[in-house]
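A look at the structure
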Amino acid sequence: MAGISNRQMFLQHVAQTSGAPMSIEVQKAGGVILTDVSGKEYIDLVAGISVCNVGHCHPAVVKAVHGQAEKYMHVMVYGEFVESPQVSYAKLLSDHLPSTLNTVYFTNSGAEATEGAMKLAKRFTNRTNIISFNKSYHGSTQGALSLIGDEYWRNAYRPLLPGVMHFDYGSDKVFNEINENTACVFVEPVQAESGVIVPPEGWLQNLRRRCNERGALLVFDEIQTGFGRTGNLWAFEKNKIVPDMLLLGKALGGGMPLGAFIADRKIMQALTINPVLGHITTFGGHPVSCAAGKAAFEVLLNEKLAEQAVVKGRFLLDQLKHAAIKTIRSAGLWMAIEFSDFNFNKKVIDHCIANGLITDWFLFAPQCLRIGPPLIISAEQLSTAAKIILNAIDSAVADSHGGS
Ligand code: PLP
């Protein structure tokens, strides 16, 4: 159809979930750089929301995708055939996890990992109730939505799952509410969409202790925090406790769709009986996604990207000083820069994007600017990013003064 741009067709024929999508038309992406169809380059500070930790289209990942696509793609629904990309990735993940996290159920997405984990916890404990936290995000499907901790995002989709209780993240009030009806507690070891909130010292350990006392399973959602983002391979390592179940997604697939819930074999076995086929999926653990994810994980390990995240995070933090910044919360190479309000933040974001830097806000913290680049980002790119952000803040300040 002559005259109609891709952008117009995007707005007409691709379902929208916001009235103001970023609408950057991507031509290619490599490493830390996105290029749009006009040839304009952007430094990517969000990595597809914590997905591209080893960068876009890492050659090892692309090679793995090609290699697997040439051998076989979908061959059978999940769990029936022995598919070597699944097997070897599950083994590699287990090798880098505590011994009780030894059995991997691969899904298509993070939300599906949440759904599977909720079902497994109920089935294994024979209990009905689930605890989660205000301002947590665990996915957008109906069950995961019932867990997320924000009334604005939940309310339109009632009735929600019964038996879900929410508490403030980091609050001691939750401890007495974990009881003999609690199947599990879902928690992010660092809360993502509230704007990178690290819980108070000792709180996760107390949660672990209370779950043990009451026979409830502790589920860590590391869908955003995993794969080196916070400076450890897994964020929970810092707290020296181990969850009963671990949720992974995003960077797990190295840029391909993949999620997982991981537990001890004796827990996971509950999905095989009464009913048999306790969680089923056609495409979960797709061989091409597993091959890509394994290649990305190997890059992450070989290049010690988790350690690099700490150094690079500090390097960037040192450069981000401005009177209009209220605070910066951070963990590794992951930051929330907090401003006075969303309008100010939006001006900063728009200015950044106009000047070749992709950033965003957080779902439950619209006043916070999101920084979570590929972990391979260079010092030079970080310094360029810092300059663009500081200029954008200056412009937003000038604009606010002009407008008042
Ligand atoms: N859990 C967390 C912490 C997330 O950040 C997300 C996605 O942003 C999810 C779960 C859901 O993952 P997905 O979008 O793959 O369903």
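Calculation criteria
Residues numbered from 1 in each chain as written. Predicted model: local features only at pLDDT ≥ 70, side-chain atom pairs only at ≥ 80, totals over all residues. Heavy atoms only, no water. Near = heavy atom within 4 Å. Polar contact = N/O pair within 3.5 Å; in protein donor to acceptor, adjacent residues only side chain to side chain. Areas by Shrake-Rupley, 256 points an atom, 1.4 Å probe, with all protein chains shown as cover. 1 Å grid on protein atoms, 1.4 Å probe; cavity = no way out; pocket = protein on both sides within 12 Å on 5 of 7 lines; lining within 4 Å. Points joined across faces, edges and corners; volume = space filled by probe spheres on them. Helix = DSSP H or I, 4+ residues; strand = E, 2+ residues; numbered from the N terminus. Nonpolar A, V, L, I, M, F, W, Y, C, P; charged D, E, K, R; others polar. Pairing = 2+ DSSP bridges. Expected span 1.5 Å × (residues − 1). Buried < 20%, exposed > 50% of the residue type's maximum accessible area, 1.4 Å probe, protein only. Contact = heavy atoms within 4.5 Å. Core = buried A, V, L, I, M, F, W, Y, C linked by side-chain atoms within 4.5 Å. Domains from an automatic or database assignment. Axes fitted to C-alpha atoms, helices over the stretch in contact; angles between N-to-C directions. Parallel < 35°, antiparallel > 145°, perpendicular 65-115°, else oblique. Left-handed = near helix turned anticlockwise from the far one by under 90°. Salt bridge = Lys/Arg side-chain N within 4 Å of Asp/Glu carboxyl O.

Turning our eyes to something else, we now look at the site of the ligand. As a matter of local geometry, the ligand sits amid Ser-109, Gly-110, Ala-111, Tyr-137, His-138, Gly-139, Glu-188, Asp-221, Ile-223, Gln-224 and Lys-250. Gly-110 is positioned with one of its backbone polar atoms (N or O) 2.8 Å from an oxygen atom of the ligand. In this structure, an oxygen atom belonging to the ligand sits 2.7 Å away from a side-chain N or O atom of Gln-224. Taken by itself the ligand offers 390 Å² of open surface, and the protein chains cover 81% of this.

Time to look at the layout of surface pockets. Looking at the second largest pocket, its volume works out to about 700 Å³. If you trace the second largest pocket, you find 27 residues lining it, with Tyr-78, Gly-79, Val-104, Tyr-105 and Arg-265 closest to the centre. For the lining of the second largest pocket, the secondary structure elements donating two or more residues are helix H4 (84–95), strand E4 (103–107) and helix H9 (265–268). A per-element tally of the lining of the second largest pocket places H4 first, with 5 residues. Class assignment of the residues belonging to the lining of the second largest pocket gives a composition of 14 nonpolar, 9 polar and 4 charged.

The next subject is the pairing of strand E1 (residues 26–30). Pairing of E1 with strand E2 (residues 33–36) involves 4 bridges; the strand directions are antiparallel. Its bridge partner lying in E2, Ala-29 is registered against Leu-34.

Attention shifts here to helix H10 (residues 287–302). Compared with an ideal rise of 1.5 Å per residue, which puts 16 residues at 22 Å, H10 spans 22 Å between its outermost C-alpha atoms and is within 8% of the ideal. With 12 of its 16 residues buried, H10 lies for the most part within the structure. Here H10 has its buried residues at Pro-287, Val-288, Ser-289, Cys-290, Ala-291, Ala-292, Gly-293, Ala-295, Ala-296, Phe-297, Val-299 and Leu-300. The inward-facing, buried residues of H10 contact helix H3 (59–71), H4, E4 and helix H11 (305–319). Among the residues trailing H10, Lys-304 stands out with phi positive, at a value near 50 degrees.

Turning next to the nonpolar core. Judged by nonpolar contacts, the single largest core of 106 residues is most densely connected at Leu-93, Phe-106, Phe-133, Leu-207, Phe-227 and Ile-389. Of the residues forming this core, the biggest block, 9 residues, is contributed by H10. Here this core spans two domains, and each of domain 1 (18–54 + 304–402) and domain 2 (59–302) adds at least three residues to it. Ignoring sequence-local partners within four residues, the contact set of Ile-389 consists of Leu-45, Leu-320, Ile-337, Cys-352, Leu-357, Leu-369 and Ile-371. By size, the runner-up hydrophobic cluster in this structure holds 9 residues, among which are Val-190, Trp-334, Ala-365 and Cys-368.

Direction vectors running N to C along H3 and H10 enclose 155 degrees, while the axes themselves pass 8 Å from each other. Classed by the angle they form, the pair H3 and H10 counts as roughly antiparallel. Considering how the two elements wind past one another, H3 and H10 form a crossing that is right-handed. Between H3 and H10, the residues in contact are Ala-60, Val-61, Ala-64, Val-65, Gln-68 and Ala-69 and Pro-287, Val-288, Ala-291, Ala-292, Ala-295, Ala-296 and Val-299, respectively. Here the residues of the contact of H3 with H10 are counted per class, giving 12 nonpolar, 1 polar and no charged.

In total, this model carries 11 salt bridges according to the counting rule given. Of the charged contacts, one joins Arg-210 and Glu-213 as a salt bridge, the two residues approaching to 2.9 Å between their closest N and O atoms. Taken as a pair, Arg-210 and Glu-213 lie in helix H8 (residues 203–214) at a separation of 3 residues, close to a single helical turn. Look at Arg-210 and you get buried, because its relative accessible area is 17%. Salt-bridge contacts for Lys-347 lead to Asp-399; the nearest nitrogen and oxygen are separated by 3.3 Å. Placement of Lys-347 in helix H12 (residues 342–354) and of Asp-399 in helix H13 (residues 379–403) is noted, with a sequence separation of 52 residues between them. Take Asp-399: its relative accessible area is 42%, and that puts it in the partly exposed class.

Moving on, we come to the sheet that holds strand E14 (residues 360–362). Pairing in this open sheet of 4 strands is antiparallel, and the strands run E11-E12-E15-E14 from one edge to the other. At either margin of the open sheet sits one strand with a lone partner, and together these are strand E11 (327–330) and E14. Across the sheet, the mean angle separating the axes of adjacent strands is 40 degrees when strand polarity is ignored. Where E11 and strand E12 (residues 335–338) come together, 4 bridges link them in antiparallel fashion. Considered in E12, the bridge of Ile-328 is made with Ile-337. Along the sheet face, H11 touches E11, E12 and strand E15 (365–371) and points at about 15 degrees away from the line of E12. Sheet strands in contact with H12 are E14 and E15, and its direction is about 30 degrees off that of E15.

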